[in-house]
Amino acid sequence: TIQREGACNISADGRHLIFTVCGSMGCDLYESRKKGNDWSVPKNLGPKINSSGWDAQPSLSADGRELYFVSERKGGFGGYDIWHSQWEDAGWTQAKNLGPAINTQFDEISPYIHINNQNLYVVSNGYPGFGGYDIYRSEKSDSGWSQPVNLGQLLNDFNDQYSFIVSGDGAIGYYSKEESKNRSRLFKITLPENLITKAKGNIVKGTVLHATTKAPLAAAIELIDLKKTNTL
């Protein structure tokens, strides 16, 4: 459109897109879903997600049901904070601040939720680091998110590092590094063993067909933990 669209994130099945639209009134998050070969008209995620402030940099979980993003709205801990919402039958839940386990009185930006849905990578200038913005990792447990850990000098230095993402097996990382006021470059890194995620990510995809006509069918898939006999 005549506005600015960017900072998009897509679900693992490639059919649910969250992106940022910025105009004269600030930035909001929008979503579009792919039906067949066509994308739906983008829809504003509404007041449960967006605020009168700056809302951007979405990170969508692989299953499309967890949304992490950055906002400067009131009620946070600092300038920019990481917020979170879940998709339920009635739609997206009211966004909640991830709290002091993740957010500081300074800025937390560029969230990335790994495909395993257990590791969250954030960029912050509020934790002890090497200077400027560094890349950190937090791990989710039953008690919540652990305090972010700096990924070390293999990635971070006195310059600003941004927008870290990591492969499904946790071995390869990609990120942006600011080299001067008007220059940034993309970097790729093979992560050492101590920085590789414990939980790997797996994606299974396929097509459900009619047994006779072979026409594609809509289908609901359940994943069952055989050890706990519960549906995931």
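All values reported here derive from a predicted model rather than from experimental measurement.

Participant: Looking at this structure, I do not really get the pattern of salt bridges. What am I missing?
Facilitator: Pairing is possible between side chains that carry opposite charge, provided their charged atoms lie close to one another. Within this structure, the stated rule accounts for 5 salt bridges. Of the charged contacts in the structure, one is a salt bridge between D157 and K177, with a shortest N-O distance of 3.1 Å. Placement of the pair is D157 in the loop between β15 (149-150) and β16 (161-166) and K177 in strand β17 (residues 172-180), with a sequence separation of 20 residues. We classify K177 as buried; its relative accessible area is 14%. Note that E179 is salt-bridged to R183, the shortest N-O span being 3.4 Å. When its relative accessible area of 35% is taken as the criterion, E179 is described as partly exposed. Taking relative accessible area as the criterion, R183 reaches 40% and is therefore assigned partly exposed. Taken together, the shared-partner salt bridges in this structure form one network comprising E179, R183 and R185.

Participant: Quick question: what am I supposed to make of the state of the cysteines here?
Facilitator: Structurally, a disulfide amounts to a covalent bond that connects the sulfur atoms of two cysteines. Inspection of the entire model under this criterion finds 1 disulfide. Linked covalently through their sulfurs, C22 and C27 form a disulfide whose S-S length is 1.9 Å. The disulfide joining C22 to C27 has a torsion of about 105 degrees about its S-S bond and is therefore right-handed. Under the relative-accessibility criterion, C27 is labelled buried at 5%. Note on C8: no disulfide assigned, nearest cysteine sulfur contributed by C22 at a separation of 13 Å.

Participant: Help me out: how do you make sense of a nonpolar patch on the surface in this one?
Facilitator: Judged by side-chain polarity, V208, L217 and I221 come together as a nonpolar surface patch covering roughly 290 Å² of accessible area. Checked against the element boundaries, V208 lands in the loop between β18 (183-190) and β19 (224-225). Taking relative accessible area as the criterion, V208 reaches 37% and is therefore assigned partly exposed.

Participant: Would you take a moment to explain the packing of aromatic side chains for this structure?
Facilitator: The description of two aromatic rings rests on the distance between their centres and on the angle between their planes. All told, the structure shown has 10 aromatic pairs when counted by the stated rule. With a centroid separation of 5.1 Å and an interplanar angle of 65 degrees, the aromatic rings of W54 and Y80 are classed as edge-to-face. Pair noted here: W54 is in the loop between β5 (43-44) and β6 (55-60) and Y80 is in the loop between β7 (66-71) and β8 (81-88), with a separation of 26 residues, a long-range link. Residue W54 is classed as partly exposed on the basis of its relative accessible area, which comes to 23%. With a relative accessible area of 27%, Y80 lands in the partly exposed category.

What counts, and at which threshold
- Residues numbered from 1 in each chain as written.
- Predicted model: local features only at pLDDT ≥ 70, side-chain atom pairs only at ≥ 80, totals over all residues.
- Heavy atoms only, no water.
- Salt bridge = Lys/Arg side-chain N within 4 Å of Asp/Glu carboxyl O.
- Helix = DSSP H or I, 4+ residues; strand = E, 2+ residues; numbered from the N terminus.
- Buried < 20%, exposed > 50% of the residue type's maximum accessible area, 1.4 Å probe, protein only.
- Disulfide = S-S within 2.5 Å.
- Patch = residues over 30% accessible without salt bridge, like charges linked within 9 Å, V, L, I, M, F, W, Y side chains within 5 Å.
- Areas by Shrake-Rupley, 256 points an atom, 1.4 Å probe, with all protein chains shown as cover.
- Phe/Tyr/Trp six-rings, centres within 6.5 Å; stacked < 30°, edge-to-face > 60°.

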